[in-house]
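Residue-level structure breakdown
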Amino acid sequence: MKTILVTGGAGFIGSHLCAALLRKKYDVICVDNFYTGCKNNIRSLIDNPHFEVIRHDVTVPLSLEIDEIYNLACPASPIHYQFDPVQTTKTNVHGSINILDLANRTKAKVLQASTSEVYGDPQEHPQKESYHGSVNPIGPRSCYDEGKRCAETLFFDFHRQHNVKIKIARIFNTYGPNMNCNDGRVVSNFIVQALRGEDITIYGEGHQTRSFCYVDDLVKGLIALMEADDDITGPINLGNPIEFTIRELAEHVIQLTNPSNQIVYKDLPVDDPKRRRPDITQAERLLGWSPRIPLQEGLLKTIHYGS
Ligand code: NAD
Ligand code: UDP
């Protein structure tokens, strides 16, 4: 029986990942400081004798005996990671060092939840793993973008210097149940606004694009990457390659919830990426993975959770 550590396990993706690993009969330890995560996300897992929760901040070293680590600890929504940007950088940099030290000592395999944000506001489209990105190092998104880039550097240096077994997943916009209603990201904002009969807030003109992956698909990709051969380190893009404008997303949500909702336009945040779509050729070829759940179906499941 493997013992698996999931940092950020009480968050949106982490809670689905813990549930999926428990279904595979592993022992799961969830470490979380509950900054954006919540107990409600893991309530249904608490009585499982193979599940443990530790309230802990990954910027502080920790000592556990484990076989695998999924390092998800880090706020992912722009409003939350920009609220305390110094802590965001610390979580990515000090947190990664602590987790990699733990992996090195225990000889555990460790997977880093990296992000499409390492590509910044991309000049190449769609984004392949070989693209080095276009990132502003001093803007409001930098604590997250540069923090995640530095984390990738640390993962590869621990791999080359100490032979730590690493896996890096570059996750593209993911959505689904267990997103906090005040998360601030676009899918949860639109659904919460639509269900409350409030105006739908599009930032800018809504021509910017994103590609939305349903959380169950993403979790399958993370586990496939962890369980793949050790020489498959990544970085590897995980996301849905079907691209939508934010305006199209708003129209879908309105159509599925409350057709009388109005759209209002607000200022576009600084450095907001204009286009984003993953090239998932590597995930298809190396992991046999591709997302299955279309946007319409995933939105309906998420709306059902929110209502
Ligand atoms: P989330 O905010 O719901 O979850 C993050 C979790 O990490 C929360 O439970 C939070 O309390 C915890 N956390 C934050 N800082 C911590 C710290 N210092 N110590 C311990 N725990 C801490 O976000 P999510 O969407 O579930 O994202 C999970 C991971 O996936 C993040 O690393 C994020 O960067 C990455 N990611 C997510 C997306 C996405 O679209 N959801 C896209 C790209 C990358
Ligand atoms: N966005 C929007 N309205 C909202 C929240 C977000 O128009 O209420 C836009 C945001 O400006 C960005 C896109 O939706 O262009 C995705 O934003 P999100 O915060 O979900 O993720 P990220 O920018 O990190 O991809």
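Rules used throughout
- Residues numbered from 1 in each chain as written.
- Chains lettered and ligands numbered in written order.
- Predicted model: local features only at pLDDT ≥ 70, side-chain atom pairs only at ≥ 80, totals over all residues.
- Heavy atoms only, no water.
- Pairing = 2+ DSSP bridges.
- Helix = DSSP H or I, 4+ residues; strand = E, 2+ residues; numbered from the N terminus.
- Axes fitted to C-alpha atoms, helices over the stretch in contact; angles between N-to-C directions.
- Contact = heavy atoms within 4.5 Å.
- Near = heavy atom within 4 Å.
- Polar contact = N/O pair within 3.5 Å; in protein donor to acceptor, adjacent residues only side chain to side chain.
- Areas by Shrake-Rupley, 256 points an atom, 1.4 Å probe, with all protein chains shown as cover.
- Nonpolar A, V, L, I, M, F, W, Y, C, P; charged D, E, K, R; others polar.
- pLDDT = per-residue confidence, 0-100.
- Buried < 20%, exposed > 50% of the residue type's maximum accessible area, 1.4 Å probe, protein only.
- Arc of directions from axis to C-beta.
- Parallel < 35°, antiparallel > 145°, perpendicular 65-115°, else oblique.
- Left-handed = near helix turned anticlockwise from the far one by under 90°.
- Salt bridge = Lys/Arg side-chain N within 4 Å of Asp/Glu carboxyl O.

**With respect to the sheet that holds strand 11 (residues 236-238)**
Reading across from one edge, 3-2-1-4-5-6-11 is the order of the seven strands in this open sheet, with parallel pairing throughout. Looking at the sheet topology across the chains shown, the edges are occupied by strand 3 (51-55) and strand 11. Taking the axes of each pair of neighbouring strands and ignoring which way they run, one obtains an average angle of 20 degrees across the sheet. The pairing of strand 2 (residues 27-32) with strand 3 spans five bridges and is parallel. Paired with Val 28 across the bridge in strand 3 is Phe 51. Across the face of the sheet, helix 1 (residues 12-23) comes into contact with strand 1 (3-7), strand 2, strand 3 and strand 4 (68-71) while running at roughly 170 degrees to strand 1. Packing against the sheet, helix 4 (residues 85-106) makes contact with strand 1, strand 4, strand 5 (109-115) and strand 6 (166-171), and its axis sits at approximately 170 degrees to strand 4.

**Some details on the site of ligand 2**
The full set close to ligand 2 counts 18 residues, and Thr 201, Tyr 203, Arg 210, Asp 272 and Arg 276 are the nearest of them. Contacts to ligand 2 include Arg 276, whose side-chain N or O atom sits 2.7 Å from an oxygen atom. Burial of ligand 2 by the protein chains amounts to 95% of its free accessible area of 520 Å². Residues that form the shell around ligand 2 fall into these classes: seven nonpolar, five polar and six charged.

**Things to note about unusual backbone geometry**
The phi torsion of most residues other than glycine is negative, and most of the peptide bonds are trans. Omega for the peptide link from His 125 to Pro 126 comes to -5 degrees, which places this bond in the cis form. Turning to its location among the elements, Pro 126 is positioned in the loop between strand 5 and helix 5 (142-162). The omega angle of the peptide bond from Gly 234 to Pro 235 is 5 degrees, so this bond is cis rather than trans. Inspection of the secondary structure puts Pro 235 in the loop between helix 7 (215-227) and strand 11. Positive phi is not limited to glycine here, since Lys 25 has a value of about 75 degrees. In this structure, Lys 25 sits in the loop between helix 1 and strand 2.

**Points about the confidence of the model for the chain**
Averaged over all residues, the pLDDT of the chain is 97; the fraction at 70 or higher stands at 100%. Model confidence for the chain, summarised as mean pLDDT per element, is weakest for helix 10 (residues 295-306) at 95 and strongest for strand 4 at 99.

**Some details on helix 8 (residues 246-256)**
Inspection of helix 8 places Ile 246, Leu 249, Ala 250, Val 253 and Ile 254 among the buried residues, and these make up the whole buried set. All buried residues of helix 8 lie within an arc of 135 degrees about the axis, which places them on one face of the element. The elements touched by buried residues of helix 8 are helix 6 (186-195), strand 8 (200-203), strand 9 (209-211), strand 12 (243-245), strand 13 (263-266) and helix 10.

**Quick word on the packing of helix 6 against helix 10**
The N-to-C vectors of helix 6 and helix 10 enclose an angle of 55 degrees; their axes lie 10 Å apart at closest approach. As judged from the angle between their axes, helix 6 and helix 10 are oblique. Crossing hand, helix 6 versus helix 10: right-handed. Between helix 6 and helix 10, the residues in contact are Val 187, Ile 191 and Leu 195 and Leu 299, Thr 302, Ile 303 and Gly 306, respectively.

**Overview of the pattern of salt bridges**
For the structure shown, the criterion picks out 17 salt bridges. Across the pair Asp 272 and Arg 141 runs a salt bridge whose closest N-O atoms are separated by 3.9 Å. Placement of Asp 272 in the loop between strand 13 and helix 9 (281-287) and of Arg 141 in the loop between strand 5 and helix 5 is noted, with a sequence separation of 131 residues between them. Its relative accessible area of 14% is what places Asp 272 among the buried residues. A residue is classified by how much of its surface remains accessible, and Arg 141, at 7% relative accessible area, is buried. The salt bridge involving Arg 185 is made with Asp 183; its shortest N-O contact spans 2.6 Å.

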